[in-house]
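# A structural walkthrough
Residues per chain, in single letters:
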2 protein chains.
Amino acid sequence: MRIAVLGTGPVGQTVAAKLGELGHEVTVGTRDPEETMARTDQDNFGNPPFAVWASQHSDVSIATLTEATAGAELIVNATNGAGSIEALEAAGEQNLVGKVLLDVANPLDFSQGMPPSLFVSNTDSLGEQIQRRFPDVRVVKALNTMNTYLMVDPKQLAGGDHTVFISGDDADAKNQVTALLESLGWSDIVELGDITTARGTEMYLPLWLRIMGATQNPMFNIKVVR
Amino acid sequence: MRIAVLGTGPVGQTVAAKLGELGHEVTVGTRDPEETMARTDQDNFGNPPFAVWASQHSDVSIATLTEATAGAELIVNATNGAGSIEALEAAGEQNLVGKVLLDVANPLDFSQGMPPSLFVSNTDSLGEQIQRRFPDVRVVKALNTMNTYLMVDPKQLAGGDHTVFISGDDADAKNQVTALLESLGWSDIVELGDITTARGTEMYLPLWLRIMGATQNPMFNIKVVR
């Protein structure tokens, strides 16, 4: 499948690399590819600059947000939550219409100190904001409840015996994302319902952050024991 | 131990009954015991009136909020979250000072429709509100992330192989609550940190509600797989 992964941070890199490995035709979309490739600094997490990663993943293309989405059958939103709608607007609504948008972003707000709070929650969510702004895009929220390395390789923890959630209004889009999740190794996929259920998974982030703070290890996930 | 359980709803009843079974001297505190005992209606969940429950649990006493807390060594807040601070004020600050308050309530707001949202979240929590209002009470938030029947009998699900969280500022109070949780059958107790970490567990409730909506079965809990 032709997949655009929007975002060049650790999540975008990890997701793009894995989808490339799985045989998909992956393009990473970024506002200004030349600027992205010219960066020489490590990111905030100490990761090497994007060009280093790109040189190690020659199967993955780099393009503008517009080019990446225009040719894509499925789009992954791995941008910073605070910039997601702006990035999607920069991609161009005409390049998104009718497509499945797998939204893995979270509405983290770092302005109130650490750990971050959420800039939208409780009676709304980032998933809903994106769906409202782009009503003809088929938004599916998933994979936003664990570390990016577990997102793409759940079996490295307890043989994959833990849970991923899925929210969205479009049944066919959810089926497509479910198949993609299964191809990543997910077996316990809990479909929560329409896109308003993204409030639930996004509001879990504060608990994720506290568990991470207490255990000092991001390689955990929750399992719905039932 | 002499324990006051504040609240006469299903959570208060279930917690009081179990603590009584475990040999504690339990008093259920309610604003007006006569009025509570005189009720003849089922509650919103179809449970029988309180007096029926009380007649089946003669080991548990009923008293005013003041009387129940005055004699207690440990207090369980099982009141409706929206009325918790008012109920604690009615109990009288002098009856709470220095005591461990196990807060199992959640700040559910039913005014915006179902499923409920939260009336405090993100940059504050009910646990923190209670701690701020009663600075000399040793507030410990726990057991607010699962169905009341699992709260008091975790082993009925997967042999107890799932998680309970604990938040609070006072280490000794957390130790006391941890011992109480262990006596209920909890073995995977994750201590998150100070009372601000209650934001995490309270903000998990929206996800709990969506999982419940999707699975139509409240007898689940999450396990932190790590």
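Please read these numbers as outputs of a predicted model, since none were measured by experiment.

### Here we look at the interface of chain B and chain A
- With 36 residues of chain B at the contact, the number on the chain A side is 36 residues.
- Taken together, the elements giving at least two residues each to the side of chain B that touches chain A come down to strand E7 (117–118), strand E10 (188–193), helix H9 (198–203), helix H10 (205–215) and strand E11 (221–225) of chain B.
- No other element matches H10(B), which puts eight residues into the side of chain B that touches chain A.
- Of the residues contributing to the side of chain B that touches chain A, the split by class is 16 nonpolar, 14 polar and six charged.
- As judged from the five bridges shared by strand E11 (residues 221–225) of chain A and E11(B), these two strands associate in the antiparallel manner. Counted as the bridge partner of Ile222(A) is Val224(B) from E11(B).

### A short note on the relation of the copies chain B and chain A
- Superposing chain B onto chain A takes a rotation of 180° combined with a translation of 0.0 Å along the rotation axis, leaving an RMSD of 0.0 Å. Here the transformation between the copies is reduced to the relation of a two-fold axis.
- Both copies present the same face, since 100% of the interface residues in chain B are matched by interface residues at the equivalent positions in chain A.

### Focus on the sheet that holds strand E4 (residues 74–77) of chain B
All names here are of chain B.
- If you walk across this open sheet you meet the eight strands as E3-E2-E1-E4-E5-E8-E9-E10, and the pairing is mixed. Single-partner strands in this sheet number two, and they are strand E3 (61–64) and E10. Each strand of the sheet is rotated relative to its neighbour by a mean of 25°, with strand direction disregarded.
- Pairing of strand E1 (residues 2–6) with strand E2 (residues 25–30) involves five bridges; the strand directions are parallel. Looking at E2, one finds that alanine 4 is bridged to threonine 27.

### Considering the packing of helix H5 (residues 84–91) of chain B against helix H6 (residues 126–133) of chain B
Residues and elements named next belong to chain B.
- Across the interface, H5 lies against H6 with an axial gap of 10 Å and an inter-helix angle of 25°. The angle between the axes of H5 and H6 places the two elements in the roughly parallel class. Here H5 runs over H6; the crossing is right-handed. For the pair H5 and H6, the contacting residues are Ser84, Ile85 and Leu88 in the first and Leu126, Gln129, Ile130 and Arg133 in the second.
- In the contact of H5 with H6, the residues fall into four nonpolar, two polar and one charged.

### Focus: the pairing of strand E8 (residues 138–142) of chain A
Residue and element names in this part refer to chain A.
- Of all five residues in E8, five are buried; the element is thus mostly enclosed.
- A two-sided burial pattern is seen for E8, the buried positions comprising Arg138, Val140 and Ala142 on one face and Val139 and Lys141 on the other.
- Pairing between strand E5 (residues 100–103) and E8: four bridges, direction parallel. Across the sheet, leucine 101 pairs through a bridge with valine 139, a residue of E8.
- Judged from the three bridges that link them, E8 and strand E9 (residues 163–168) form a sheet pairing that is antiparallel. Within E9, the position partnered with alanine 142 by the bridge is isoleucine 166.

The rules we used
Residues numbered from 1 in each chain as written. Chains lettered and ligands numbered in written order. Predicted model: local features only at pLDDT ≥ 70, side-chain atom pairs only at ≥ 80, totals over all residues. Contact = placed C-beta atoms within 7 Å. Helix = DSSP H or I, 4+ residues; strand = E, 2+ residues; numbered from the N terminus. Nonpolar A, V, L, I, M, F, W, Y, C, P; charged D, E, K, R; others polar. Pairing = 2+ DSSP bridges. Least-squares fit on C-alpha atoms with pLDDT ≥ 70 in both. Axes fitted to C-alpha atoms, helices over the stretch in contact; angles between N-to-C directions. Parallel < 35°, antiparallel > 145°, perpendicular 65-115°, else oblique. Left-handed = near helix turned anticlockwise from the far one by under 90°. Buried ≥ 20, exposed ≤ 12 C-beta atoms within 10 Å, placed from the backbone.

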